[in-house]
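Structure assessment
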Amino acid sequence: MIHTTIPSIALNDGRVLPAVGFGTYTLNGAAGVEDMAAAVSNGYRLLDSAFNYENEGALGAAIRKAGVSREDMRVSSKLPGRHHRFKEAIATVEESLYRAQLDYYDLYLIHWPNPSRGLYVEAWQALIEARRRGLVRSIGVSNFLPAHLERIIAETGVAPAVNQVELHPYFPQADQRAFDRAHGIVTQSWSPLGRASHVLQDPVIKAVADPHGRGCGQVILRWHVQLGALPIPKASSARRQIENISIFDFDLSTQDMASIATLAKLDGRIAGQDPAHYEEF
């Protein structure tokens, strides 16, 4: 077992999360259990899943296999867009727990606002109720834009603890991060290394990484941390898992951060602006 010390990030509900987590999308079945259990053994204490990943059973099995106490783990899942009605949402959270054979989730998110249906406020009310019942400890959202966040806060008085969005050097989400920060919401990064990993071969990233003696992935994940975001990278190999978590013993300079900032690109197909991408969620 790797003993990497991971700092904590405080949430607006008084709870904390590790400053880096482990993504589990496409990790299914016995192989998925092995990859997730290895991640826990290699030091990860936050595992991110979703009802629609169809791997909550594997997630629970991995936690039991890894042998780390449940109290030391932070486990999250997500409510799919098709189950935003109040009773359906509560039942879905319960089903998530049955699948994983867990008593509670540390964090449960609305997977996306599904704005064409317009039921995300009702879904948010259901998560507030799920938290009241002890089914979940912290609640949040994913792929919510400022307008969606403003509405659920105005109508319920409860701000999400987390907003999980696509975030990487090609799409740094400056406005979204600023909005989240102003409302005490932690921005969590999905696809933190980019969707097709092109950013891992970017010469600008390599020019920053080489003087630090670090890999491009480590520099990108360190960039997330210094932005105040919480990345959840996924990796199957033990080497990559360990590399991705070994990012707290160096710092990027102001110039390093400025160099990476030059990579920002405008892409309207991502970050909640492409309904087709989230239709299944």
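Whatever comes next refers back to the structure up there.
Below is a summary of the structure that appears in this document. (Residues numbered from 1 in each chain as written. Predicted model: local features only at pLDDT ≥ 70, side-chain atom pairs only at ≥ 80, totals over all residues. Heavy atoms only, no water.)

1. Some remarks on the side chain of Gln-218
As for its placement among the helices and strands, Gln-218 is situated in helix 8 (residues 216-227). The buried category is assigned to Gln-218, whose relative accessible area is 10%. A polar contact is formed between the side chain of Gln-218 and the backbone oxygen of Ser-246, at a distance of 3.3 Å. Setting aside its immediate chain neighbours within four residues, Gln-218 contacts Glu-243, Ser-246, Ile-247 and Phe-250. (Helix = DSSP H or I, 4+ residues; strand = E, 2+ residues; numbered from the N terminus. Buried < 20%, exposed > 50% of the residue type's maximum accessible area, 1.4 Å probe, protein only. Polar contact = N/O pair within 3.5 Å; in protein donor to acceptor, adjacent residues only side chain to side chain. Contact = heavy atoms within 4.5 Å.)

2. Thoughts on the nonpolar core
Tyr-105, Tyr-108, Ile-110, Trp-124, Val-136, Ile-152 and Val-162 are the most contacted members of the largest nonpolar core, which has 61 residues in total. The element that contributes the greatest number of residues to this core is helix 4 (residues 120-132), accounting for 7 residues. With sequence-adjacent residues up to four places away left out, Ile-110 is seen in contact with Leu-79, His-84, Tyr-120, Ala-123, Trp-124, Leu-127, Gly-140, Val-141, Ser-142 and Phe-144. Core analysis: the second largest hydrophobic core is formed by 22 residues, Ala-209, Cys-216, Ala-229 and Phe-250 among them. (Core = buried A, V, L, I, M, F, W, Y, C linked by side-chain atoms within 4.5 Å.)

3. A closer look at the pairing of strand 5 (residues 74-79)
Counting buried positions along strand 5 yields 5 of 6 residues, so the element is predominantly enclosed. Where strand 4 (residues 46-48) and strand 5 come together, 3 bridges link them in parallel fashion. Pairing of Leu-46 across the sheet is with Arg-74, part of strand 5. In this sheet, strand 6 (residues 105-110) lies alongside strand 5 in parallel orientation, the contact comprising 4 bridges. Along strand 6, the bridge assignment pairs Lys-78 with Leu-109. Read from strand 5 through helix 3 (residues 86-100) to strand 6, the crossover connection turns out right-handed. (Pairing = 2+ DSSP bridges. Right-handed = clockwise from strand over helix to strand, strands pointing away.)

4. Looking at the sheet that holds strand 5
Taking strand neighbours across the sheet as the criterion, the 8 strands line up as 3-4-5-6-7-8-9-10 in an open arrangement whose pairing is parallel. Here the strands that pair on one side only, and so sit at the sheet edges, are strand 3 (22-23) and strand 10 (230-231). Across the sheet, helix 3 lies against strand 5, strand 6 and strand 7 (136-142), angled at about 135 degrees from strand 6, the strand it touches most. (Axes fitted to C-alpha atoms, helices over the stretch in contact; angles between N-to-C directions.)

5. Notes on the packing of aromatic side chains
All told, the structure shown has 4 aromatic pairs when counted by the stated rule. Plain terms: the ring middles of Tyr-120 and Phe-144 are 5.6 Å apart, the flat faces sit at 80 degrees to each other, and that makes the pair edge-to-face. With Tyr-120 in helix 4 and Phe-144 in the loop between strand 7 and helix 5 (146-156), the pair connects residues that are 24 residues apart, well separated along the chain. You'll find Tyr-120 and Phe-144 in the same group, each marked buried. One residue, Arg-70, lies across the ring of Tyr-104, its end atom 4.1 Å from the ring centre. Sitting over the ring of Tyr-170, Lys-265 keeps its end group 4.1 Å from the ring centre. (Phe/Tyr/Trp six-rings, centres within 6.5 Å; stacked < 30°, edge-to-face > 60°. Lys NZ or Arg CZ within 6 Å of the ring centre and 35° of its normal.)

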